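Here is what each chain is made of, one letter per residue.
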Amino acid sequence: MSFVPGQPVTAVVQRIEIQKLQQGDNLILGFSIGGGIDQDPGQNPFSEDKTDKGIYVTRITPGGPADVAGLMMGDKIMQVNGWDMTMVTHDRARKRLTKKNEGVVRLLVTRKSLEEVVKQSMNKYPRQ
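Bear in mind the structure is a predicted one, so any value in this text is a computation, not a measurement.

*Asks:* Residues and numbers for the overall build of the protein, please.
*Replies:* When you go through the protein residue by residue, the secondary structure sums to three helices and eight strands. Secondary structure of the protein in N-to-C order comes out as β-β-β-β-β-α-β-β-α-β-α. Counting all 128 residues of the protein, 34% fall into the buried class. Contacts in the protein between residues far apart in sequence, at least 24 positions, make up 66% of those at least 6 positions apart. Accessible area for the protein stands at about 8100 Å²; split by element, carbon and sulfur atoms hold 52% of it.

*Asks:* Let's hear about the side chain of lysine 76: which residues, and what values?
*Replies:* Tracing the backbone through its elements, the reader meets lysine 76 in strand β6 (residues 76–80). Take lysine 76: its relative accessible area is 3%, and that puts it in the buried class.

*Asks:* Describe the environment of glycine 30, naming the residues involved and giving the relevant values.
*Replies:* Residue position: glycine 30 is located in the loop between β3 (26–28) and β4 (31–35). Given the relative accessible area of 8%, glycine 30 is considered buried. Measuring from C-alpha to C-alpha, the distance between glycine 30 and lysine 20 comes to 8.3 Å, with ten residues separating the pair along the chain. With residues up to four places along the chain from it excluded, the contact list for glycine 30 reads Arg59, Ile60, Thr61, Pro65 and Ala66.

*Asks:* Describe in detail the nonpolar core, supporting the description with residues and values.
*Replies:* Grouped together as the largest cluster of nonpolar side chains are 19 residues, with contacts concentrated most on Ile18, Phe31, Leu71, Ile77, Leu97 and Leu107. Not counting residues within four places of it along the chain, the set of residues in contact with phenylalanine 31 comprises Ile18, Val57, Arg59, Ile60, Ala66, Leu71, Ile77, Leu97 and Leu107.

*Asks:* Give a detailed account of helix α2 (residues 90–97), specifying residues and quantitative values.
*Replies:* Where α2 is concerned, the buried positions are Ala93, Arg96 and Leu97. Burial along α2 is one-sided: seen end-on, the buried residues are contained in an arc of 95°. Looking at the packing, one finds that the buried side of α2 touches β4, β5 (55–60), β6, β7 (83–84) and β8 (104–110).

*Asks:* With reference to specific residues and values, describe unusual backbone geometry.
*Replies:* The backbone phi angle of asparagine 81 is positive, close to 50°, even though this residue is not glycine. With respect to the secondary-structure elements, asparagine 81 resides in the loop between β6 and β7. The partly exposed category is assigned to asparagine 81, whose relative accessible area is 24%.

*Asks:* Mind laying out the pattern of salt bridges, listing which residues take part and the relevant values?
*Replies:* For the structure on display, the rule yields five salt bridges. For aspartate 91, the salt bridge identified is with arginine 94, shortest N-O distance 2.5 Å. In this pair, aspartate 91 and arginine 94 both sit in helix α2, three residues apart, roughly one turn of the helix. On the accessibility criterion, arginine 94 (38% relative accessible area) is partly exposed. Each of the salt bridges in this network shares a partner with another, and the network as a whole consists of Asp91, Arg94 and Lys95.

Conventions we followed
- Here, residues in each chain are numbered from 1, in the same order as that chain's written sequence.
- Owing to the predicted nature of the model, reporting of local features is limited to residues with pLDDT of at least 70; listing and counting of side-chain atom pairs is limited to 80 or more, with chain, interface and lining totals taken over all residues.
- Each side-chain value is derived from all of the structure's non-hydrogen atoms; neither hydrogens nor water enter the calculation.
- Strands here mean DSSP runs of E at least two residues long; helices mean DSSP runs of H or I at least four residues long; both are numbered from the N terminus.
- Each residue gets one of three labels from its accessible area relative to the maximum for its type: buried under 20%, exposed over 50%, partly exposed in between, using a 1.4 Å probe on protein chains only.
- Contact between two residues is taken to exist if any of their heavy atoms lie within 4.5 Å; hydrogens are not considered.
- Per-residue and other accessible areas follow the Shrake-Rupley method at a 1.4 Å probe size, with only the shown protein chains counted as cover for residues.
- Throughout this description, the term nonpolar core refers to a set of buried Ala, Val, Leu, Ile, Met, Phe, Trp, Tyr and Cys residues connected via side-chain atoms within 4.5 Å.
- Picture the helix axis, draw a direction to every C-beta atom, and the arc is the one those directions span.
- We count a salt bridge whenever a side-chain nitrogen from Lys or Arg sits within 4 Å of a carboxyl oxygen from Asp or Glu.

And the structure:
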């Protein structure tokens, strides 16, 4: 999925709700992110468009909260609890995800497999 900064984004998204896991004073999500507008998009292994500065899931802890919720490595995070994540720095994305007063994180993500399913169904059932 590619987009032009400042233009509307059309994406096939999935809602994922993650219950943070309490470990001592920490709330654990069980995943890591990469990307951001301040990062080198050429280093992103999940984006076909090497100019994409989105936030991507780079690691999932097996059996952790994100894994249980269905988040997948390579998912592109579009929103966190209603906040737009398409044009944020890596640090801003991390802070949005790890807010101490939020025990639940609601994500909108897009993934290549979702887009492929929609494309296939559109080809299978063309508009009349």
